[in-house]
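# Chain and residue survey
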Amino acid sequence: NNSSQLSSLPLQILLYVNVIYYIFYFLATLAMIIYKSQVFSYPDDFLAPDLAVLFVMAVLEVPRSYLGFKGNLTEAEAVLGLSLGLTVGSVVLCVYLLLWQTYVLWADVLLNAVLLSAYGLESGLKVTAIAAFVS
Amino acid sequence: VSRLCVCDLLVAQCDANCCCDPDCSAQDFSLFTTCSVPVVTGDSQLCSQKAAVYSLDVEANPPEMIFKLIDQVNPSIFCIHATNYKEALYLKSPEIPTPENFDQLLDKFGGATFSAEPDSWNLDTDAQNPPEANETSRYEYGVPVQTEDAFLRLPSPVVSSWCSDANPAGFLVNQATKCIRSVSVEKCDSIQALSMLFYINSSILASVFQVNITVQSIIVQSLDGMRTLLSSSEGLRLPMVLDELCINAVLGVNYHITHTDTGEIIEAAAAFVLGAISKEALTIEQSFEISFTQENTQPVPLSGNPGYVVGLPVRAGFQPQGYPFPAAFLSNKHSQLTILQSTSTQDCLAAQGARAPVLFGYNMISGCRLRITAAMKCQPLAQTLLDVLKGQSFPEYVASFGNSQAQDVLDWVPITQLHISEQMIPHTLQSSCQIPVSLGIEVKWTKYGSLVNPQARIVNVTATITTTTLKQLPSGRERIIPITSSVVFTDISSPAEPSYKVWPTINIKLPFDFFYPFV
């Protein structure tokens, strides 16, 4: 790292990768929910919360990623902190989809585990970046 | 999984070739040839589950049964890792009622029926909001007749023969039901279903006003079954206990509802049969009937609405004197198209006049045998045979539709009468008389209306009498000739022509000076 530049390069790379992976994750999970609703008995009372959580997570992802990019590039710790907060929300929703979904398939476990680890790594890098910006 | 055994059908006995049967001993296993149930597993879509594997080791002497409990793994990536929905993979065991959840279970399952979707469909009619007055103005066929509090009840047997008071009467659905009610003479004045008030106290909702149910007549039935019609000034009679009998108990109700042709109810009347219940009787049988009549018409049983229904009698009638004055209507009371009904004696002259109604769509043939002796005179014989064949009142008109009203004269088809004479001898100058030997009624009908719901309509009716000459017999001899009558229904409907709309054409016209200034 150049001494004059505090923005974290690994964080930037991870943010890009996360965005691409999230698009794949969203489409795959949606396809699997559709598959489950056809193959298994999936009453509407149980289908609605699962779909709602997935869509809320998608909606949350957009500001989360944008704020992450912006915060890292402008070296603004408040913005990055906000992104970190949104990441916590996404983590909670991801844990719901991993543990409390109506049907958790093995593929669900894999996708969610990868997403959780990506979020975890991202949060760690953000904390480091915030520490670098503040000091 | 190790305790489940699908082939263990006999209790405390060993089932043949059933390796998982706990009642089988080692000696029984030595007699088996294979295992009919080799594997018992749970749902195979789970990622990992226990499986009980049964196999027979035929190498050993004697053959042994080998039982293994293994973990079966589903290698697919779409196997179910976990579920949070209990009913997904097993049947839900029903809740055991406890004092805490009893009320909630009673609400859900206490009625005669309950739906599979919880809390999404409330069958309790009392909880429904009473409908607005303008919604009840017009009834359609089958819609329950609404009263102030709920529906007009017609108690009927549901599942068993016991009366259920929750059966609503449907509009224009003529019903007659019989059911059993349990009674006790001591409490007979407190049992609601035995009192007249229960059946007439609610008024029917119809258009903007309510129609009260009036008491049309009361018939009192004594204990031995004799019925007396009371004069109408009696008023309400409520059940009461008298000398170990309960009198004035309702044994039957007959509702008559009058409606307009647009479906509004204008009148309702109930005819009661009251009786006495003796002390020993624990149950009584009640009978209920409801019939709907359109105003200003006579209640005539319809043979179809509008087209004839196969199996219902063909309606017929006469034109009264003075037709074609517009005030004269066809009368169709008590007249049907009938043909001779064959009897076991087969003797035409001894026929008691039994006739069978002509049912639409059913070709019929019947007959009898006539014994002619030398002493018989021809002319009276011909007249008698004509009566036998045609009956006492052979109608002149037949209804074109099953629901033709008597006042719509154009809906009635005249019966064409033909005479065919069968000449055995090619012409005699003698005054040999002709006697009718057969009557053939040919009914031509067509399909009328829409392609998907064609209605049967009678177009033409021809009654053909075939006569033959009666040869004079030498005295002492007698002849037997068969007399027949038949009805044939012929379908003369032309093939249906479905009509399709013309494809739309594109009409483009360029304006006159489109190519200005080149033209």
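Predicted model only: the values in this text are computed from it and were never measured. The residue numbering used here restarts from 1 in each chain and proceeds along that chain's sequence as written. Working convention: letters from A go to chains and numbers from 1 go to ligands, in the order in which they are written. Side-chain atom pairs in this predicted model are given and counted only at pLDDT of 80 or more, local residue features only at pLDDT of at least 70, and totals for whole chains, interfaces and linings cover all residues. In computing side-chain properties, one takes all heavy atoms of the structure into account and sets aside hydrogens as well as water.

## Focus on the overall build of chain B
Of the regular secondary structure elements, chain B holds 4 helices and 24 strands. Going through the 519 residues of chain B one by one, you find that 34% of them count as buried. Each accessible area is a Shrake-Rupley result for a 1.4 Å probe, and residues are judged covered by the shown protein chains and nothing else. Total accessible area on chain B stands at roughly 32,900 Å², and carbon and sulfur atoms take up 56% of it. Under the DSSP-based scheme used, a helix requires at least four consecutive residues in state H or I and a strand at least two consecutive residues in state E, with every element numbered from the N terminus. Burial classes follow relative accessibility: with a 1.4 Å probe on protein chains only, a residue under 20% of its type's maximum area counts as buried, one over 50% as exposed, and anything between as partly exposed.

## Section: the overall build of chain A
Regarding its fold elements, chain A presents 4 helices and 1 strand. Starting at the N terminus and ending at the C terminus, chain A contains elements arranged as α-α-α-β-α. Whether two residues are in contact is decided by their heavy atoms: any pair within 4.5 Å suffices. Counting contacts in chain A only where the partners sit at least 6 residues apart, residues at least 24 apart contribute 79% of the total. Per element, the accessible surface of chain A, about 6,600 Å² overall, is 76% carbon and sulfur.

## Describing the UniProt feature "transmembrane region" (unreviewed entry) in chain A
Residues and elements named next belong to chain A. Those residues carrying the UniProt feature "transmembrane region" (unreviewed entry) are residues 13–35 and 79–98 in this numbering. The span residues 13–35 shows a helical share of 100% and a strand share of 0%, and its end C-alpha atoms are spaced 33 Å apart. Secondary structure content for residues 79–98 is 100% helix and 0% strand, and the end C-alpha separation is 29 Å. UniProt positions are given in the numbering used here, feature names are shortened, and annotations may be inferred rather than shown by experiment.

## Considering the state of the cysteines
Residues and elements named next belong to chain B. Our working definition of a disulfide is a cysteine sulfur pair at a distance within 2.5 Å. Applying the stated criterion across every chain, the model contains 7 disulfides over all chains. There is a disulfide in this structure between Cys14 and Cys24, and the S-S distance comes to 1.9 Å. Because the sign of the S-S torsion sets the handedness, a value of about 95° for the bond joining Cys14 and Cys24 places this disulfide among the right-handed ones. Taken together, the residues Cys14 in the segment before helix 1 (26–31) and Cys24 in the segment before helix 1 connect sequence positions 10 residues apart. Shown here is the disulfide that connects Cys163 with Cys179, its sulfur atoms set 2.0 Å apart. Because the torsion about its S-S bond is 90°, the bridge between Cys163 and Cys179 counts as right-handed. Residue Cys163 is located in strand 6 (residues 163–164), and its partner Cys179 is located in strand 7 (residues 175–182); the two are separated by 16 residues in the primary sequence.

## Some remarks on the sheet that holds strand 24 (residues 478–491) of chain B
All names here are of chain B. Two strands pair if DSSP finds at least two bridges between them. Across the sheet, 7 strands lie side by side as 16-20-21-23-22-24-19; this open sheet has mixed pairing. Each edge of the sheet is formed by a strand with only one pairing partner; in this case those strands are strand 16 (316–317) and strand 19 (364–373). Bridge analysis of strand 22 (residues 434–449) against strand 24 gives 8 bridges, and the strand direction is parallel. Considered in strand 24, the bridge of Val443 is made with Phe489. Here an angle of 0 to 180 degrees is reported between the N-to-C directions of two axes, which are lines fitted to C-alpha atoms, with helices fitted over the stretch in contact. Of the strands in this sheet, strand 19, strand 21 (412–422), strand 22, strand 23 (454–469) and strand 24 are in contact with helix 4 (residues 378–390), which crosses strand 22 at around 25°.

## Description of the pairing of strand 15 (residues 283–294) of chain B
Looking down a regular strand, the side chains alternate between one sheet face and the other. All names here are of chain B. Where strand 7 and strand 15 come together, 8 bridges link them in antiparallel fashion. Within the sheet, the bridge partner assigned to Arg181 lies in strand 15 and is Ile284. Where strand 13 (residues 245–259) lies against strand 15, 8 bridges are found, and the strand directions are parallel. When the sheet's bridge partners are listed, Thr258 is paired in strand 15 with Thr293.

## Quick notes on the interface of chain A and chain B
A common way to state how big an interface is: give the accessible area lost once the parts meet. Counting from both sides, the interface comprises 18 residues of chain A and, opposite them, 12 residues of chain B. Roughly 1,300 Å² of surface becomes buried between chain A and chain B when both sides are summed, with 66% attributable to carbon and sulfur atoms. Under the rule applied, a polar contact is a pair of N or O atoms within 3.5 Å (in protein, one hydrogen donor and one hydrogen acceptor; residues adjacent in sequence only if both atoms are side-chain atoms). Here chain A and chain B share 8 residue pairs in polar contact (both at pLDDT 80 or more) between them. Considering every element that reaches the side of chain A that touches chain B, the biggest residue donor is helix 4 (residues 106–134) of chain A, with 4 residues. Residues are grouped as follows: nonpolar covers Ala, Val, Leu, Ile, Met, Phe, Trp, Tyr, Cys and Pro; charged covers Asp, Glu, Lys and Arg; every other residue, Gly included, is treated as polar. Grouping the amino acids of the side of chain A that touches chain B by side-chain chemistry returns 15 nonpolar, 3 polar and no charged. Here 3 bridges tie strand 1 (residues 103–105) of chain A to strand 4 (residues 80–83) of chain B, and the two strands are oriented antiparallel to one another. A quick way to say it: buried area is the sum, across both parts, of accessible area lost when two parts are put together, with a 1.4 Å probe.

## Things to note about the packing of aromatic side chains
The way to describe two aromatic rings as a pair is by their centre distance and the angle between their planes. All names here are of chain B. What counts as a ring pair is set by centres within 6.5 Å for rings of Phe, Tyr and Trp (its six-membered ring), and what kind of pair is set by the plane angle: stacked under 30 degrees, edge-to-face over 60, tilted for all other angles. Applying the stated criterion across every chain yields a total of 23 aromatic pairs over all chains. The interplanar angle of 70° and the centroid separation of 5.3 Å between the aromatic rings of Phe171 and Phe292 together place this pair among those described as edge-to-face. Remark: Phe292 occurs in strand 15 and Phe171 occurs in the loop between strand 6 and strand 7; sequence separation between them is 121 residues. This pair shows no difference in class: Phe171 is buried, exactly as Phe292 is.

## A short note on the sheet that holds strand 2 (residues 48–57) of chain B
Two strands in a sheet stick together by hydrogen bonds in their backbones, pointing the same way (parallel) or opposite ways (antiparallel). Residues and elements named next belong to chain B. The strand order 1-2-3 describes an open sheet built from 3 strands, whose pairing is antiparallel. Of all strands in the sheet, those with a lone pairing partner are strand 1 (39–41) and strand 3 (64–73), marking the two edges. Averaged over all pairs of adjacent strands, the angle between their axes in this sheet comes to 20°, without regard to strand direction. Where strand 1 lies against strand 2, 3 bridges are found, and the strand directions are antiparallel. The residue of strand 2 that forms the bridge with Val39 is Val53.

## Describing the packing of helix 1 (residues 9–39) of chain A against helix 4 of chain A
Residues and elements named next belong to chain A. Relative orientation of the contacting elements helix 1 and helix 4 amounts to 155°, with a least axis distance of 10 Å. Taken together, helix 1 and helix 4 sit at an angle that is classed as roughly antiparallel. Crossing angle aside, the handedness with which helix 1 passes helix 4 is left-handed. Of the residues belonging to the contact of helix 1 with helix 4, the class tally is 19 nonpolar, 3 polar and 4 charged. To sort the angles, those under 35 degrees are grouped as roughly parallel, those over 145 as roughly antiparallel, those from 65 to 115 as roughly perpendicular, and the leftovers as oblique. The crossing is said to be left-handed when, going from far helix to near helix, the turn is anticlockwise and less than a right angle, and right-handed when the turn is clockwise.

## What to know about the pattern of salt bridges
Residues and elements named next belong to chain B. Each salt bridge in this description consists of a side-chain nitrogen of Lys or Arg and a carboxyl oxygen of Asp or Glu lying within 4 Å of one another. Under the criterion given, the structure shown has 9 salt bridges over all chains. Asp71 serves as the salt-bridge partner of Lys50, at 3.2 Å between the closest nitrogen and oxygen. On the criterion of sequence distance, the pair formed by Lys50 in strand 2 and Asp71 in strand 3 is long-range, its members being 21 residues apart. Assessed through its relative accessible area of 45%, Lys50 is described here as partly exposed. Measuring nitrogen to oxygen at the nearest pair gives 3.7 Å for the salt bridge that ties Asp491 to Lys447. Of this pair, Asp491 sits in strand 24 while Lys447 sits in strand 22, and the two are 44 residues apart along the sequence. Overall, Lys447 belongs to the partly exposed group, its relative accessible area being 45%.

## Topic: unusual backbone geometry
Residues and elements named next belong to chain B. Unlike most non-glycine residues, Asp243 shows phi in positive territory, near 55°. Relative to the elements of secondary structure, Asp243 occurs in the loop between strand 12 (240–242) and strand 13. On the basis of relative accessible area, Asp243 is assigned to the exposed category, the value being 70%. Even without glycine at this site, Glu244 takes up a positive phi of about 65°. For Glu244, the position within the fold is in the loop between strand 12 and strand 13.

## Considering the environment of Leu97(A)
Residues and elements named next belong to chain A. The residue Leu97 is located in helix 3 (residues 77–99) in this model. On a C-alpha basis, the gap between Leu97 and Leu51 in space is 9.9 Å, while along the polypeptide they are 46 residues apart. If we ignore the near neighbours within four places in the chain, the residues touching Leu97 are Tyr25, Asp50, Val53, Leu54, Met57, Val104 and Asn112.

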